[in-house]
Amino acid sequence: MPELGVNIDHVATIRQARKIDYPDPVEAALICQDSGADSIVCHLREDRRHIQDEDLYRMRKKIGVKLNLEMAMSEEIIKIALDVAPDQITLVPERRMELTTEGGLDVATHIRRVEKIARRMVRAGIRVSLFVDPRKSQVKASRDAGVFTIELHTGCYANAKNKKSSKREYDAIKQCADYAEKNGLRVFAGHGLNYSNVKPLTKIRVIEEYNIGHSIVARSIFTGLGKAVREMKALIR
């Protein structure tokens with residue numbers, strides 16, 4: 001059965017808009033956990049635009065499901081990750097001016113750096129995943145870097161403008177997911193997924209986990225967070 005990771009970054013985005021102490025992303029994480037989320041995802045960005053260091057430390061102490069920390073290959077964030085010791089880190093590209101993560105990590109170009117960071121994390125007992133575009137070259141580089149889990153970037157599929165481009169992006173995800181599985185990698189997926197476009201991906205049986213944030217937080221405005229999580233989990237299963 002595929003699992004659901006809920007990204008609670010945008011709960012913190014609402015809080016940071018006023019620079020106050022609510023809504024609390026840790027409280028949101030606990031609601032998600034109680035509503036069936038299999039993991040909690042958060043991205044500690046270098047500019048701290050939403051999740052703050054204190055949020056991460058508090059989350060590590062309070063939640064009982066897997067904590068997945070998205071992070072750039074920044075030495076500052078690496079040290080924090082090693083100190084917090086989440087269950088998993090997911091290496092992602094990061095640019096200061098982007099609204100959200102744009103595209104996957106270029107593992108093929110930065111393979112030695114990725115390999116070095118992965119070794120540090122594994123020595124500390126932290127699992128490592130790489131957020132990559134659905135390209136076989138990036139999947140192969142991830143395997144060559146000694147990583148055993150990838151998260152396929154589904155943004156191009158989610159943003160497809162017509163059925164033809166949607167099918168093209170879907171096929172790319174499926175081909176890379178199958179290729180990764182045959183090469184001994186676990187396959188997760190995420191980015192831009194919502195209540196309308198996630199269902200077709202569930203036909204790709206090798207995808208073990210879906211990491212979804214914005215659409216769940218957005219839906220919670222109308223339904224409440226717990227119901228939004230339960231509805232999404234029902235869709236992927």
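Refer to the structure printed above.
Residue positions within a chain follow its written sequence, with the count starting from 1. The predicted origin of the model limits local features to residues at a pLDDT of at least 70 and limits the giving and counting of side-chain atom pairs to 80 or more, whereas totals for whole chains, interfaces and linings rest on all residues. Side-chain measures here rest on the full set of heavy atoms in the structure, leaving out hydrogens and waters.

## Quick notes on the overall build of the protein chain
Turning to step 1, where the next piece is worked out: Note on conventions: DSSP H or I runs of at least 4 residues are helices, E runs of at least 2 residues are strands, and numbering of each starts at the N terminus. A tally of regular secondary structure across the protein chain gives 10 helices and eight strands.
Turning to step 2, where the next piece is worked out: For the protein chain, whose C-alpha radius of gyration is 17 Å, the value lies close to the compact-globule estimate of 18 Å for 237 residues.
Turning to step 3, where the next piece is worked out: C-alpha extents for the protein chain along the principal axes are approximately 45 × 40 × 35 Å.
Turning to step 4, where the next piece is worked out: For the protein chain, buried positions account for 54% of its 237 residues.
Turning to step 5, where the next piece is worked out: Pairs at least 24 apart in sequence give 67% of the contacts found in the protein chain among residues at least 6 apart. Each radius of gyration is computed over the set of C-alpha atoms, and the globule rule expresses the reference value as 2.2 Å times the number of residues to the power 0.38. Working definition: with a 1.4 Å probe on protein chains only, accessible area under 20% of the residue-type maximum means buried, over 50% means exposed, and in between means partly exposed. We call two residues in contact whenever any of their non-hydrogen atoms come within 4.5 Å of each other.

## Looking at the pattern of salt bridges
A pair can form between side chains of opposite charge whenever their charged atoms are brought close.
Turning to step 1, where the next piece is worked out: When a carboxyl oxygen of Asp or Glu lies within 4 Å of a side-chain nitrogen of Lys or Arg, that pair is called a salt bridge. Under the counting rule described, the total for this entry stands at 20 salt bridges.
Turning to step 2, where the next piece is worked out: Between Asp-55 and Arg-58 there is a salt bridge, and its shortest N-O distance comes to 3.8 Å. In this pair, Asp-55 and Arg-58 both sit in helix α3 (residues 53-62), three residues apart, roughly one turn of the helix.
Turning to step 3, where the next piece is worked out: Where Lys-66 meets Glu-209, a salt bridge forms, and the shortest distance between an N and an O atom there is 2.9 Å. In this pair, Lys-66 sits in strand β3 (residues 66-71) while Glu-209 sits in strand β8 (residues 207-212), placing the two residues 143 residues apart along the sequence.

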